[in-house]
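Fold and contact review
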Amino acid sequence: MRIYCTKDYKEMSRKAANLISAQVIIKPECVLGLATGSTPIGIYDQLVEWYHKNDIDFSEVTTVNLDEYRGLTKENDQSYYYFMHTHLFDRVNIRPDHSFIPDGTCEDSEFECRRYENQIRSLGGIDMQLLGLGRNGHIGFNEPSDSFAQVTHCVDLTQSTIDANKRFFASEADVPRQAYTMGIGTILQAKKILLVASGEDKAEAVKNTLFGPITPYVPASILQIHPDVTIVADEAALSLCK
Ligand code: F6R
């Protein structure tokens, strides 16, 4: 496991974007696993900037996203589909038919989970998976629980997640109650993992992820067994790891 400590969020974003860029240069037809949330926004902005300078070309890249709310349409500005198009896909030359996100509108959740897992497999797996980190150590929508979920599955959101997300919706009733997420097994099959974290509120989760026991109560702690993990975190996020 390689750990890069950066001064701040901006430097974290640049370093992580550098690693993604290196992956795309080494293997232009790579499969990138992507994440949403506030942490990767600076990374996507940096990649867009380099794209405009002709320093990175996404024309052969394929992307798969970690997760999506169940029940939200692509047009809903809270869907992860909308997020990815706003922050990255509509700003670079990724081919529309080369980016995959679970379909939040599929009626049959079991079908959708199977379809998405098979989709990832049919692409030959993920070359580099970008991950953010929840304050409780979650990755994707894999929340602390008493076992590690293997494959893409549909999760019931906890009341605390619903509470945390309701500020983005008109009312609590509009917050989705379920989401699709890659499983821990799906994530671990990625050839490389790039975990990013910024800010003091992630410090406890970073410490538990890197140095705590491997437990499904801190889902990200399983990354300790992956052979190729890079962490890019700022000083605040690494402040408890001295
Ligand atoms: C997003 C995702 C989540 C976030 C995590 C951290 O696709 O899978 O696990 O990475 O909740 O979110 P931020 O970056 O907003 O702190």
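Residues numbered from 1 in each chain as written. Predicted model: local features only at pLDDT ≥ 70, side-chain atom pairs only at ≥ 80, totals over all residues.

Focus on the site of the ligand
- Taken together, the neighbourhood of the ligand is formed by 13 residues, with T36, G37, S38, T39 and G132 sitting nearest.
- Counted by class, the shell around the ligand contains four nonpolar, eight polar and one charged residues. (Near = placed C-beta within 6 Å. Nonpolar A, V, L, I, M, F, W, Y, C, P; charged D, E, K, R; others polar.)

A word on the sheet that holds strand β4 (residues 67–69)
- Pairing is antiparallel across the open sheet formed by three strands, whose spatial order is β4-β8-β7. The open sheet has two edge strands, β4 and β7 (153–156), and neither has a second partner. Strand-to-strand twist in this sheet, taken as the mean axis angle between neighbours without regard to direction, amounts to 25°.
- Strand direction decides the pairing type here: β4 and strand β8 (residues 178–181), joined by three bridges, are antiparallel. Opposite E68, over in β8, you have Y180 as the bridge partner. (Pairing = 2+ DSSP bridges. Helix = DSSP H or I, 4+ residues; strand = E, 2+ residues; numbered from the N terminus. Axes fitted to C-alpha atoms, helices over the stretch in contact; angles between N-to-C directions.)

What about the UniProt feature "active site" (unreviewed entry) in the chain?
- The UniProt feature table records "active site" (unreviewed entry) at D67, N136, H138 and E143.
- As for its placement among the helices and strands, D67 is situated in strand β4.
- Aside from chain neighbours lying at most four places away, what touches D67 is Y80, P102, G140, F141, A179, Y180, T181 and M182.
- Within the element layout of this structure, E143 appears in the loop between β6 (128–131) and β7.
- When neighbours within four sequence positions are excluded, E143 is seen to be in contact with H138, V155 and T158. (UniProt positions renumbered as here; feature names shortened; annotations may be inferred. Contact = placed C-beta atoms within 7 Å.)

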